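Here is what each chain is made of, one letter per residue.
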Amino acid sequence: MTKADQTSDPNGGAKYINRLNKVKVLKIIRTAEALSRADISKISSLSAPTVSRIIEDLLDEDLVQEIGEGESQGGRPPTLLKFSDRKNFIIGLDLGTTNIYGVLSDFDAKIIAEIKTPTHVEEGFAGIMKRTSGVIAELIAEPSVANKRIYGIGMAVAGLINRKRNIVEFSPDFHWHNVDVVGALSKTLPYPIIIDNVTRVMALGEMWYGLGKRFKNLICVNVGYGIGAGIIINGKPLYGPLGLAGEFGHITLEKDSPVQCDCGNFGCLEALASGNAIAKAARQRLLAGERSLLLDACEGDPTRVTSETVANAAKEGDPLAWEIFDRAVEYLGIGIAGLVNLFSPEAIVIGGGVAQSGDILFEKVRKTVQARSLNKISSDVLIRPATFGMKAAVMGAVSLVLNEVINLNHNQIRVPVPVQAAEQQ
Ligand SMILES: [Zn+2]
């Protein structure tokens, strides 16, 4: 084996082992409040000199900071260390069809600045990219980040994301086919950019900053305009060979359904239980002449009914709104019962616009899951709202970059080459 082989050999080259040890130490430091070098050596089973060497590196890279002295065990008091979460920054973006929502966050998920601006889908790809760049530029200009490092930009996008080619293969919400969001934004932004599907991003955020601190197996179900699932098994997100795993909304729940889904199939969960499905069903019933509080809520114009107006009218006891909402949520519960049987997760987290309706959704889902799944599997499953509510996607986008930093991949994320420079080559 040549020397070059050794350094890239995943089975034991010295450089590779060093890197693994460094990741191990960084993960230990991140999950604790304050540790001494001796504590880290004990927890990691690495020798004291190895830990000291790694800590020097991490201090140089500003990923770890010294925070004073601990209690003496007889000799000189040890210096305590912690993860350098307040000095380093990440930009997280939730690119939705209604709003572009961006935050500037430190490594501890503390939001330093946030901006929300309407997406204006009708302006097309170029227009949306221009607005997105504007949001990022404004966040970068935040005075408290001056002269500090922004590690990268994480983005949540609704649609099928090809992680290998780094493109959006298909997004029915935006009407996009094979668009290069990263390439378009890189023309003006010299930062690493990572994109992923919005639901998987929400699940990652939950894993890094929310319930993931307690559980290693959890599923995040996103119920908004559409429905998707981000599946975390043993602390790792499930991608599948094409990066497309988790299309929970497109399982068929009604084989003879007349309701067609955006995907072309009939009777998909998404066509029966998404925000879009709830609004559509209500519109149809109102246009057919049925009476309901919903008509007042939309000022007599059924085309203005949204899933939120249906949920609100249902809470006020309107029979039509209740029937539509309750039926949709029952289908959601049946779908989730299937996820529980298949994956036996410790927790199911439900986020997205429709989940903001609260108890009216969660009570029915919990009851349906108990009734429709194997009791031995479902009896201890926690079913609850996403930790960050409507911020779930944007905090997940931040965690896309943090994940790379903790695994020390951040220097290997391709910093996209600005187009002009590339053309000159
Ligand atoms: Zn479908």
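Given the structure is predicted, the values throughout are model-derived calculations rather than measurements.

1. Brief notes about the packing of aromatic side chains
Then, in step 1: Summed over the entire model, instances satisfying the criterion amount to 5 aromatic pairs.
Then, in step 2: Ring geometry for Phe174 and Trp176: centres 4.2 Å apart, planes at 15°, overall stacked. A single burial state applies to Phe174 and to Trp176, both of which are buried.
Then, in step 3: For the ring pair Tyr209 and Phe388, a centre distance of 6.4 Å and an interplane angle of 90° mean the geometry is edge-to-face. Placement of Tyr209 in helix H7 (residues 198–209) and of Phe388 in the loop between strand E16 (382–385) and helix H15 (392–406) is noted, with a sequence separation of 179 residues between them.
Then, in step 4: Judged by its relative accessible area of 9%, Tyr209 falls in the buried class.
Then, in step 5: Of the aromatic side chains, those joined through ring pairs into one cluster are Phe83, Phe107 and Tyr151.

2. Some details on the sheet that holds strand E15 (residues 347–351)
Then, in step 1: Spatially, E14-E13-E12-E15-E16 is the arrangement adopted by the 5 strands of the open sheet, whose pairing is mixed. Each having just a single partner strand, strand E14 (236–237) and E16 make up the two edges of the open sheet.
Then, in step 2: Packing of helix H12 (residues 319–343) onto the sheet brings it into contact with strand E12 (218–223), strand E13 (227–233) and E15, and relative to E12 it is tilted by some 160°.
Then, in step 3: Lying on the sheet, helix H13 (residues 359–372) is in contact with E15 and E16; it crosses E16 at an angle near 160°.

3. Looking at the side chain of Ser171
Then, in step 1: Topologically, Ser171 is positioned in strand E9 (residues 167–171).
Then, in step 2: For Ser171, a relative accessible area of 0% puts it in the buried group.
Then, in step 3: Only 2.7 Å separates the side chain of Ser171 from the backbone oxygen of Ala158, close enough to count as a polar contact.
Then, in step 4: Once residues lying within four places of it in the same chain are set aside, the contact partners of Ser171 are Ala158, Gly159 and Trp176.

4. Description of the domain arrangement of the protein
Then, in step 1: Assigned domains of the protein: these are domain 1 (3–83), domain 2 (89–204) and domain 3 (214–386).
Then, in step 2: Between the C-alpha centres of domain 2 and domain 3 there is a distance of 26 Å.
Then, in step 3: Every contact between the two is made by 12 residues of domain 2 and, on the other side, 18 residues of domain 3.
Then, in step 4: When domain 2 packs against domain 3, the two sides together hide about 1,200 Å² of surface, and 62% of this comes from carbon and sulfur.
Then, in step 5: The largest share of the area that domain 2 buries against domain 3 comes from Thr199, Arg200 and Met202, three residues that together contribute 43% of it.
Then, in step 6: The interface formed by domain 2 and domain 3 contains 0 salt bridges.
Then, in step 7: Between the two partners, domain 2 and domain 3, sit 4 residue pairs in polar contact (both at pLDDT 80 or more).
Then, in step 8: Taken together, the elements giving at least two residues each to the side of domain 2 that touches domain 3 come down to strand E8 (160–162) and H7.
Then, in step 9: It is H7 that contributes the most residues to the side of domain 2 that touches domain 3, 6 residues altogether.
Then, in step 10: Across the side of domain 2 that touches domain 3, the residue classes break down as 6 nonpolar, 1 polar and 5 charged.

5. Topic: the sheet that holds strand E6 (residues 111–118)
Then, in step 1: If you walk across this open sheet you meet the 5 strands as E6-E5-E4-E7-E11, and the pairing is mixed. At either end of the open sheet lies a strand with only one pairing partner, and these are E6 and strand E11 (193–197). Going across the sheet, the axis of each strand differs from the next one's by a mean of 15°, ignoring polarity.
Then, in step 2: Sheet strands touched by helix H5 (residues 124–140): strand E4 (89–95), strand E5 (99–106), E6 and strand E7 (150–157). Its angle to E4, the strand with the most contacts, is close to 150°.

Rules used throughout
- Residues numbered from 1 in each chain as written.
- Predicted model: local features only at pLDDT ≥ 70, side-chain atom pairs only at ≥ 80, totals over all residues.
- Heavy atoms only, no water.
- Phe/Tyr/Trp six-rings, centres within 6.5 Å; stacked < 30°, edge-to-face > 60°.
- Buried < 20%, exposed > 50% of the residue type's maximum accessible area, 1.4 Å probe, protein only.
- Helix = DSSP H or I, 4+ residues; strand = E, 2+ residues; numbered from the N terminus.
- Pairing = 2+ DSSP bridges.
- Contact = heavy atoms within 4.5 Å.
- Axes fitted to C-alpha atoms, helices over the stretch in contact; angles between N-to-C directions.
- Polar contact = N/O pair within 3.5 Å; in protein donor to acceptor, adjacent residues only side chain to side chain.
- Domains from an automatic or database assignment.
- Buried area = accessible area lost by both parts, 1.4 Å probe.
- Salt bridge = Lys/Arg side-chain N within 4 Å of Asp/Glu carboxyl O.
- Nonpolar A, V, L, I, M, F, W, Y, C, P; charged D, E, K, R; others polar.

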